[in-house]
Amino acid sequence: MHLQELINTTKLLVADNKGLLAMDESYPTCNKRFAKLGIPQTAELRRDYREMIVTTAGLNESISGAILFNETIHQQLKDGSSFIKVLNNKGIIPGIKVDGGTVAMAGHPGEKITEGLDNLRYRLEEYAKMGLRFAKWRAVITIGKGIPTQACIQANAHALARYAALCQEAGLVPIVEPEVLMDGDHTMERCFEVTEQVLHTVFNQLYKQGVMLEGMILKPNMIVPGLACKKQESIDEVANATVKCLLRTVPAAVPGIAFLSGGQSPELASARLNTMNVRFKNKLPWELSFSFGRAIQEPALDIWHGKEKNIPAAQKALYHRAVCNRAARQGEYNIEMERK
Ligand code: 13P
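Read on for a plain summary of the structure. (Residues numbered from 1 in each chain as written. Predicted model: local features only at pLDDT ≥ 70, side-chain atom pairs only at ≥ 80, totals over all residues. Heavy atoms only, no water.)

**Concerning the site of the ligand**
- In the neighbourhood of the ligand, 13 residues make up the surrounding shell, with Lys136, Lys219, Ser261, Gly262 and Arg294 lying closest.
- Note that an oxygen atom of the ligand is positioned 2.5 Å from one of the side-chain N or O atoms of Lys136.
- Protein chains bury 91% of the 300 Å² of accessible surface belonging to the ligand in isolation.
- In a pocket analysis with a 2 Å cut-off to the grid points, the ligand is assigned to the largest pocket.
- Broken down by secondary-structure element, the contributors of at least two residues to the shell around the ligand are strand 6 (134-141) and strand 10 (287-292). (Near = heavy atom within 4 Å. Polar contact = N/O pair within 3.5 Å; in protein donor to acceptor, adjacent residues only side chain to side chain. Areas by Shrake-Rupley, 256 points an atom, 1.4 Å probe, with all protein chains shown as cover. 1 Å grid on protein atoms, 1.4 Å probe; cavity = no way out; pocket = protein on both sides within 12 Å on 5 of 7 lines; lining within 4 Å. Sits in = over half its atoms within 2 Å of the grid points. Helix = DSSP H or I, 4+ residues; strand = E, 2+ residues; numbered from the N terminus.)

What follows is the structure, given as structure tokens:
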């Protein structure tokens, strides 16, 4: 086992109030976002878009690690260098999404299970040789009538723990992502209840399968009401509920918790993370960080729109969101930052 190496990488990923940038959208997800803006869904444009991201000047001031998609690590920047090399040169640790996406869970209507454990050991060995130092696996839990079931929570937690153990064996830090979705009209209390159950089950499985907690990062959802719920709690209420749920479920040995944004607006994701840090930073056993995809990329993607001439403005927007989220890590974000 690579115990010390795992601990060191994990510490670096949450050091200095920086956070993670998720730029690992799968083909269907990336294509869907491009299609919405009328951007052609080609490998070349996905490459161009991701080159725009990694060449943003100053990104490393706020971003400690970037999660890539398998397609990207086999592509090159226009100057011929690899994405892994460019990130390393900037002092941004390269990571990789290794799950194979979600499929309908047999016998469980409305629920999903994440695939990708087959051959994972060999893929991880290859990734480690290529210089990738951490990995991500996303499990999805849906709230609805009669769901989630125990079966779905257990199966997903089991897969997350198997993935995490394999990552640590290969010397890659696992980012363990059990995402309770925001879709639906459920209340914040229901999100709390389900997330609490999911996180208990996940840490139980991580323990059973011998995952070293000091060498992993948890990537959870915040505790929020469903997007279609009539009652939308305040930023303070979301921050309090989220920290309460995490205190009940996440062992103190875990160095960092890096939230997904899950469809929150970029400003709201920053504001909620900020409030958690204003209220609780230095009183918690773990760092409260970010591993946002949409909440960092969305404004930049809108501006870029597939056009080279828009790159400088898009990079400015990306840099700005990264800076806002680093400020939120320190409890120093405020809405004035959005007006600049
Ligand atoms: P969002 O922040 O857009 O939810 O993406 C994070 C992520 O990596 C999902 O797996």
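**Digging into the sheet that holds strand 1 (residues 19-22)**
- In space, the eight strands of this closed barrel follow the order 1-2-3-6-7-8-9-10, with parallel pairing throughout.
- Here strand 8 (residues 217-218) pairs with strand 9 (residues 256-259) via two bridges, running parallel. Residue pairing for strand 9: Ile217 is matched across the bridge by Gly256.
- Against the sheet, helix 5 (residues 83-90) touches strand 2 (63-68) and strand 3 (93-97), its axis set at about 170° to strand 2. (Pairing = 2+ DSSP bridges. Contact = heavy atoms within 4.5 Å. Axes fitted to C-alpha atoms, helices over the stretch in contact; angles between N-to-C directions.)

**Looking at the nonpolar core**
- Counting 113 residues, the largest nonpolar core has Tyr163 and Leu288 as its most contacted members.
- Looking at this core element by element, the count peaks at 11 residues for helix 7 (residues 150-170).
- Excluding its chain neighbours within four sequence positions, the residues that come into contact with Tyr163 are Val98, Leu117, Leu120, Ala135, Lys136, Trp137, Pro174, Ile175 and Val176. (Core = buried A, V, L, I, M, F, W, Y, C linked by side-chain atoms within 4.5 Å. Buried < 20%, exposed > 50% of the residue type's maximum accessible area, 1.4 Å probe, protein only.)

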